[in-house]
Amino acid sequence: MYGLTREQVTERFAEYGPNIVPPARRTPVWIRVVTQLRDPLILVLLAAALLTTLTGDLADTAVILFVVTVNTLVGVVQEIRADRAVTALSDLSVPAVRVLREGSESEVASANLVPGDIVLLDEGDIVPADAVLYEASGLLVDEASLTGESVPVDKTALDPTGETTADNLLQGGTVVMRGRALAEVTATGAAGALGRIAALMQDRPGPTPLQHRLAHLGRVLAAVVVGLCLVVFALGLLRGEPTESMAVTAISLAVAAVPESLPAVVTLGLALGARRMAARHAIVRNLPAVETLGSVTMFATDKTGTLTEGRMVAERLWTPEGTATLTGTGYTPEGEVLVDGQPVDGHCATWVNELLTAASLCNDATLVPPGPDPGWSALGDPTEAALLAAAGKVGIAGTTLREEHPRVAEAPFDSDRKRMTTVHRDRDGRLRAVLKGAPEVVLRSRFLASDADFLHLVRYEADLLAADGYRVLAVATRRLDALPHPVEDAEQDMSLLGLIGISDPPRESARGTIAACHEAGITTVMITGDHPSTARSVATRLGILRDGDSTVLTGADLRADPERDPTAVRVFARTTPEQKPAIIQAWRARGHITAMTGDGVNDGPALRRADIGVAMGGRGTEVARQAADLVLADDEIATVVAAVEEGRRVYDNIRRFLVYGLSGGAAEIAVMMLGPLLGLPVPLVAAQILWINLLTHGLTGVALGAEPAASGTMRRAPRPAEQSILGDGLWQRVARLGLCVTAVSLAAGAWSDHAGHAWQSVLFLTLLGAQLGVVTGLRTRLLTRANPFLPITVLASAALGLAGVYVPTLRDLLGTQALPVGDLLIPLAGAVLGFAAARADRWFAARDRPIGDR
């Protein structure tokens, strides 16, 4: 072949551009900052900061602005990290590639390839761009990162008809595992496979469910607070109070009613959840993802490397003498060979050894013992490596075996022959031929000296293994008196040794993970690019398919019937990178909160499209890791269940804080509105309101966000996606507790006024004490040591409340009076009543709800 001329390369480069993944569109930092500040709750906090500045409460102003700054900074940083997802695709680009141009071979930068270039590929090369094969010799390509196929794929050259098929097409980013090839580039850059995936990842994820709920809450709070404060201001003027005094009081009430520490509670809860998950080797790249996991109703997962080990393992043996099962995982040559549930011995050991010895001889792979990386690994075809690991389980060492039976000739495997034959010299000097290949090829009278009935029986056994999702190999052998020429002449009159069933087995933890998701009310869906029978087998073994359901929908089925509802199916096979995010979107369109796990380049768009993406960190591609919100550093899918529990804990604590903060704010407004009706003209001055607000909504409120998860959290269904954060009875709880705190505080103030005591100071301490009693009573585990920060901050707030009455400087600032020690029994009683009301309210709210919600 001659290849392109320099002029052709120049013209095509100008037309098609460089062979690189298109860079992502950049968003200026100032736009990111403005977007964060437009959040309704942040706007409410900024308004509160302005009001506190007007009242001279600079301490509250500083706290509020600090919270706003931290939350804005975190949000901007998270967005910038997310933009790195497309950039990671460039890691799969090849820095240089061999090409034929103007009749000579040269090496050029991968970015300079153009359609029409002729590239030369060898074992270990990364395919630099989409191409069609003109020549192929024993070519085996690993397409797992793009298609999800669990085993490398054989490729053949374009036939004389010129028809392109999946067998003669290469995709950029795949890896040549074996053989050599010469191919013509058909698409580069944005038009290639990696470019199309990059385009799918341009869509930015929308707000999380929590962000939606908090935005709605911010709008509600803004409207309610402004309305009530205007009412308080108007009532004060009607009573003849000074305009300036009532303006300051109304502003103070507005600040008190806004739970300005809510963003801090959210951030702390998410950060603590991320810290707990990091201890379990789960890296949180996007903080809101922690809570989003708690909302998940649909959990979509890739198969290869996620639900399965990602390494081929020989699990089943069949011979004319009997069947056997092999234990063990990965490429580690350790495990047992069981016949009828018992370790193999005696006569059974003979036929097992013969089969596995032959499979090890007709083999080009090598097992690599643990080194810098833990665990055994493989060089060469993963299927052949699985055969070596199986042989090691009965004491057959591949290296020693090859030394004792050196190979003297071979007919290599290719996609046309679908078989491999090797000839070895035994220790007695005689020759032995070993044949290994696909059952549909090997199980024929052309190769085997067996009658038709026996061959029919063996084909039936091979079909059973295939139906169970195994990749099946048939192994045969014969003795030779002389070395035949060609070697293919040895492929006759052979004796069948047996069949070997090989699969990528499910992870040990995967079944428990699927069961835990089912118990938590989460629907699990498998989306893979692998074969339907393999997908069905793994899904059945893991419990994704249950109650006799065996439905598997393929990518071709989706193309043939675009109107079909994918949410009725639990297993998808032979899907393309474009179809995975479409399936996710179909579930989202029906109101589901979706999570997607994956490890390949082909999973990147779906990880980005899902409400939360979870990537494997060990064997996963950089593309998957950068597209994900959560990265499992140890590739352990069971961590997802722990992450779901953390998410539910965070959301429960946010709702718990809202019960506490909003009920206290409502009580303060109610006290100010109703106090004058009981003869208390100005129940609290502005400074007293702000001091109570600082002590209750400050550290005490933030500490509430660190409460542990309730027992039974994972035994309840996910909350509805459309449910308001104030829904499911929460606003009723706010009203009940607010009414109780109001009644206790007003009763204390009215009694003290009637008795001639310093009623405003008693009311001040009682209102504070009742709220501190409520926060203590809201704990899920009353005496737990999991969050010692909460009781410490409650005691500190109580001490600072007393300081406001007994420390002269604070007393003058707040306008309080020192109380006799006996009068402190009233605020103490208020705290006890607040605690009792919170415990009673928890019982009342939990009567008809699952235990995890209490």
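Note that the structure is a prediction, hence the values are computed from the model and not measured. (Residues numbered from 1 in each chain as written. Predicted model: local features only at pLDDT ≥ 70, side-chain atom pairs only at ≥ 80, totals over all residues. Heavy atoms only, no water.)

1. Digging into the overall build of the protein chain
A count of helices and strands for the protein chain gives 29 helices and 26 strands. Counting all 854 residues of the protein chain, 55% fall into the buried class. Across the protein chain, the fraction of contacts at a sequence separation of at least 24, relative to all contacts at a separation of at least 6, is 72%. Put simply, the protein chain shows about 34,900 Å² of open surface, and 58% of that area lies on carbon and sulfur atoms. (Helix = DSSP H or I, 4+ residues; strand = E, 2+ residues; numbered from the N terminus. Buried < 20%, exposed > 50% of the residue type's maximum accessible area, 1.4 Å probe, protein only. Contact = heavy atoms within 4.5 Å. Areas by Shrake-Rupley, 256 points an atom, 1.4 Å probe, with all protein chains shown as cover.)

2. Observations regarding unusual backbone geometry
The linkage connecting His 485 with the following residue, Pro 486, adopts the cis geometry, with an omega of 0°. The topology assignment puts Pro 486 in the loop between strand E19 (471-480) and strand E20 (495-503). For Lys 418, which is not a glycine, the phi torsion comes out positive at approximately 55°. Considering the arrangement of structural elements, one finds Lys 418 in the loop between strand E16 (407-411) and strand E17 (419-425). The phi dihedral of Arg 574 falls on the positive side, at around 50°, and the residue is not glycine. For Arg 574, a relative accessible area of 35% translates into the label partly exposed.

3. Concerning the sheet that holds strand E8 (residues 282-284)
If you walk across this open sheet you meet the eight strands as E8-E26-E25-E24-E9-E21-E23-E22, and the pairing is mixed. In the strand order of this sheet, the two ends are held by E8 and strand E22 (553-554), each with one partner. The pairing of E8 with strand E26 (residues 630-632) spans three bridges and is classified as antiparallel. Bridge pairing links Ile 283 to Val 631 in E26. Helix H23 (residues 639-674) rests against E8, strand E9 (298-301), strand E24 (594-598), strand E25 (612-616) and E26 of the sheet, and its axis sits at about 145° to E26. (Pairing = 2+ DSSP bridges. Axes fitted to C-alpha atoms, helices over the stretch in contact; angles between N-to-C directions.)

4. Comments concerning the nonpolar core
One broad rule of soluble globular proteins: the nonpolar side chains tend to lie buried together. Judged by nonpolar contacts, the single largest core of 98 residues is most densely connected at Leu 630, Leu 658 and Ile 725. When near neighbours in sequence (up to four residues on either side) are disregarded, Leu 630 contacts Met 277, Ala 282, Ile 283, Val 284, Leu 293, Gly 613, Val 614, Ala 615 and Ala 643. Counting 30 residues, the second-largest nonpolar core is a separate cluster that includes Trp 351, Ala 391, Val 434 and Val 475. (Core = buried A, V, L, I, M, F, W, Y, C linked by side-chain atoms within 4.5 Å.)

5. Some points on the sheet that holds strand E11 (residues 322-326)
Across the sheet, nine strands lie side by side as E13-E12-E11-E10-E20-E19-E18-E17-E16; this open sheet has antiparallel pairing. Whereas interior strands pair on both sides, the edge strands pair on one side only; in this sheet they are strand E13 (342-343) and E16. Bridging between E17 and strand E18 (residues 431-437) involves seven bridges; their strand directions are antiparallel. Considered in E18, the bridge of His 424 is made with Arg 432. Of the strands in this sheet, strand E10 (313-319), E11, E17, E18, E19 and E20 touch helix H13 (residues 382-392), which is tilted by about 110° from E20.

6. Some words on the packing of aromatic side chains
If you walk through the whole model with that rule in mind, you get zero aromatic pairs. Stacked on the ring of Tyr 651, the Lys or Arg Arg 719 has its end atom at 3.4 Å from the ring centre. (Phe/Tyr/Trp six-rings, centres within 6.5 Å; stacked < 30°, edge-to-face > 60°. Lys NZ or Arg CZ within 6 Å of the ring centre and 35° of its normal.)

7. Quick word on the pattern of salt bridges
One pass over the full model with this rule turns up 25 salt bridges. The partner of Arg 101 in a salt bridge is Asp 117, and the shortest N-O contact between them spans 2.6 Å. Of this pair, Arg 101 sits in strand E1 (residues 96-101) while Asp 117 sits in the loop between strand E2 (104-109) and strand E3 (118-121), and the two are 16 residues apart along the sequence. One exposure class covers both Arg 101 and Asp 117, and it is buried. (Salt bridge = Lys/Arg side-chain N within 4 Å of Asp/Glu carboxyl O.)

8. Here's the deal with helix H29 (residues 825-846)
The terminal C-alpha atoms of H29, which comprises 22 residues, lie 31 Å apart, in line with the 32 Å expected from a rise of 1.5 Å per residue. Close packing links the buried residues of H29 with helix H25 (730-755) and helix H26 (759-777). (Expected span 1.5 Å × (residues − 1).)

9. Things to note about a nonpolar patch on the surface
A surface patch of nonpolar side chains, amounting to about 300 Å² of accessible area, comprises Trp 30, Ile 31 and Val 34. For Ile 31, the location among the structural elements is in helix H2 (residues 29-37). (Patch = residues over 30% accessible without salt bridge, like charges linked within 9 Å, V, L, I, M, F, W, Y side chains within 5 Å.)

10. Describing the packing of helix H17 (residues 510-519) against helix H18 (residues 532-542)
Working note: a packed helix pair is described by the angle between its axes plus the distance between those axes. Closest axis-to-axis distance for the H17/H18 pair is 9 Å, and the angle between their directions is 70°. Looking at the two axes, H17 sits roughly perpendicular to H18. The segment H17 lies against H18, with Ala 510, Arg 511 and Ile 514 engaging Thr 540, Arg 541 and Leu 542. Looking at the contact of H17 with H18, its residues break down into three nonpolar, one polar and two charged. (Parallel < 35°, antiparallel > 145°, perpendicular 65-115°, else oblique. Nonpolar A, V, L, I, M, F, W, Y, C, P; charged D, E, K, R; others polar.)

11. Quick notes on helix H20 (residues 579-589)
For H20, every residue scored as buried is listed here: Gln 579, Lys 580, Pro 581, Ile 583, Ile 584, Ala 586 and Trp 587. In this structure, the buried side of H20 is in contact with E9, strand E21 (523-527), helix H19 (555-560), strand E23 (571-573), E24 and helix H21 (604-609). A positive phi of about 90° marks Gly 591, the residue just after H20.

12. Description of the side chain of Gln 688
Along the chain, Gln 688 turns up in helix H24 (residues 686-704). From its side chain, Gln 688 meets the backbone oxygen of Leu 814 in a polar contact 3.1 Å long. Discounting residues that sit within four places of it in the chain, Gln 688 has contacts with Pro 683, Gln 760, Phe 764, Leu 814, Gly 815 and Thr 816. (Polar contact = N/O pair within 3.5 Å; in protein donor to acceptor, adjacent residues only side chain to side chain.)

13. So, the pairing of E19
Counted residue by residue, E19 has seven buried out of 10 residues, so it is predominantly covered. Bridge analysis of E18 against E19 gives seven bridges, and the strand direction is antiparallel. Looking at the pairing, Val 434 lines up with Thr 477 of E19. The pairing of E19 with E20 spans seven bridges and is classified as antiparallel. Within E20, the position partnered with Arg 471 by the bridge is Ile 502.

14. Points about the packing of H23 against H24
H24 packs onto H23 with a crossing angle of 170° between their chain directions and a minimal axis gap of 10 Å. Between H23 and H24, the angle falls in the class roughly antiparallel. Within the contact between the two elements, H23 uses Asn 653, Arg 656, Phe 657, Tyr 660, Gly 661, Glu 668 and Met 672 and H24 uses Ile 689, Ile 692, Thr 696, His 697, Thr 700, Gly 701 and Leu 704.

15. A few points about the side chain of Arg 716
Here Arg 716 shows up in the loop between H24 and H25. Of the polar contacts made by the side chain of Arg 716, one reaches the side chain of Asp 652; its length is 3.1 Å.

16. Remarks on the environment of Gly 604
Considering the arrangement of structural elements, one finds Gly 604 in helix H21. In this structure Gly 604 comes out as buried when scored by relative accessible area, which is 0%. As a C-alpha pair, Gly 604 and Pro 577 span 27 residues in sequence and 8.1 Å in three-dimensional space.

17. Re the environment of Pro 288
Tracing the backbone shows Pro 288 in helix H11 (residues 288-295). Classification of Pro 288 by relative accessible area gives buried; the value is 11%. Taking C-alpha positions, Pro 288 is 9.1 Å from Pro 209, a pair spaced 79 residues apart along the chain.

18. Considering the pairing of E2
Pairing of E1 with E2 involves six bridges; the strand directions are antiparallel. Across the sheet, residue Arg 98 finds its bridge partner in E2, namely Glu 107.

19. A look at the confidence of the model for the protein chain
Any residue range with low pLDDT should be treated as having predicted coordinates unsuitable for detailed reading. Summing up the model confidence of the protein chain, the mean pLDDT is 84 and the portion of residues at 70 or higher is 90%. When mean pLDDT is compared element by element in the protein chain, H26 scores highest at 96, while helix H5 (residues 84-87) scores lowest at 43. Low pLDDT, under 50, characterises residues 85-94; the predicted model gives this stretch 29 contacts beyond four residues in sequence or across chains. Contacts of residues 850-854 to residues separated by more than four positions or lying in other chains number 18 contacts, the stretch itself having pLDDT below 50. (pLDDT = per-residue confidence, 0-100.)

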